[in-house]
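# A look at the structure
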Amino acid sequence: MSADAREAVQQAYQAYIEHTLQAMVNFVGEDTDVDRLWVYTDMAFETITSHPFFRLNDQFVNHGELEAADPDHEHDAWALVDEIADTSTDLELVQACRDTGSVPQRIISVYDPESGELSASWDYEDVLQGEDDNSARALDRWIITMGGKPIVGQ
């Protein structure tokens, strides 16, 4: 992979993750006990879907569960979904990866809002377990490892 292609992927990822994390920070609000944010970016079939997750009081929750976990705050899960989707940065990331000839199956980004630290793991293989597996089951397996409840169901 050329240095230019690597730079294009990095710039596309940076724009994508900044947009997505900003939407998540807006969603939880300023006065929050959320101390960690995850973005599970599914790219297993060279398309892209973003899944936001949060840690609130040591509980791993998705955006739909946050309202029940944090009843003192108003959380509009559909507004978050709309805000995350309201951009082209996700499509630009997929295209930049395609241009290199190597699209990851998933990217898991972790953000600490207190320190501002962001880390990411890019998984290029072994996310799907065989031809009959799918992205939803892979996502549920990851959620379970994080201590959360599956979304789709194993």
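Provided above is the structure to which this section pertains.
The sections below set out a description of the structure shown in this document.

### Quick notes on the packing of aromatic side chains
Considering all chains together, one arrives at seven aromatic pairs under this definition. Their ring planes at 65° and their centres at 5.0 Å tell us that tryptophan 38 and phenylalanine 60 sit as a pair that is edge-to-face. One end of the pair, tryptophan 38, is in strand 1 (residues 34-42); the other, phenylalanine 60, is in strand 3 (residues 59-62), and 22 residues separate them in sequence. The pair formed by tryptophan 38 and phenylalanine 60 is uniform in burial state, with each residue classed as buried. The rings of Trp38, Tyr40, Phe53, Phe60 and Trp142 are connected pair by pair, giving a single aromatic cluster.

### As for the pairing of strand 2 (residues 49-56)
Burial analysis of strand 2 places six of its eight residues in the buried class, which makes it a mostly covered element. As paired elements, strand 1 and strand 2 share eight bridges and run antiparallel to each other. Considered in strand 2, the bridge of threonine 41 is made with serine 50. Between strand 1 and strand 2, which pair antiparallel and follow one another directly, the connecting turn spans six residues, one of which, glutamate 46, has a positive phi of 60°. Across four bridges, strand 2 lies against strand 3 in antiparallel orientation. Across the sheet, phenylalanine 53 pairs through a bridge with asparagine 62, a residue of strand 3. In sequence, strand 2 turns back onto strand 3 through a hairpin of two residues, with asparagine 57 there showing a positive phi of about 50°.

Thresholds, definitions, all that
- Residues numbered from 1 in each chain as written.
- Predicted model: local features only at pLDDT ≥ 70, side-chain atom pairs only at ≥ 80, totals over all residues.
- Heavy atoms only, no water.
- Phe/Tyr/Trp six-rings, centres within 6.5 Å; stacked < 30°, edge-to-face > 60°.
- Helix = DSSP H or I, 4+ residues; strand = E, 2+ residues; numbered from the N terminus.
- Buried < 20%, exposed > 50% of the residue type's maximum accessible area, 1.4 Å probe, protein only.
- Pairing = 2+ DSSP bridges.

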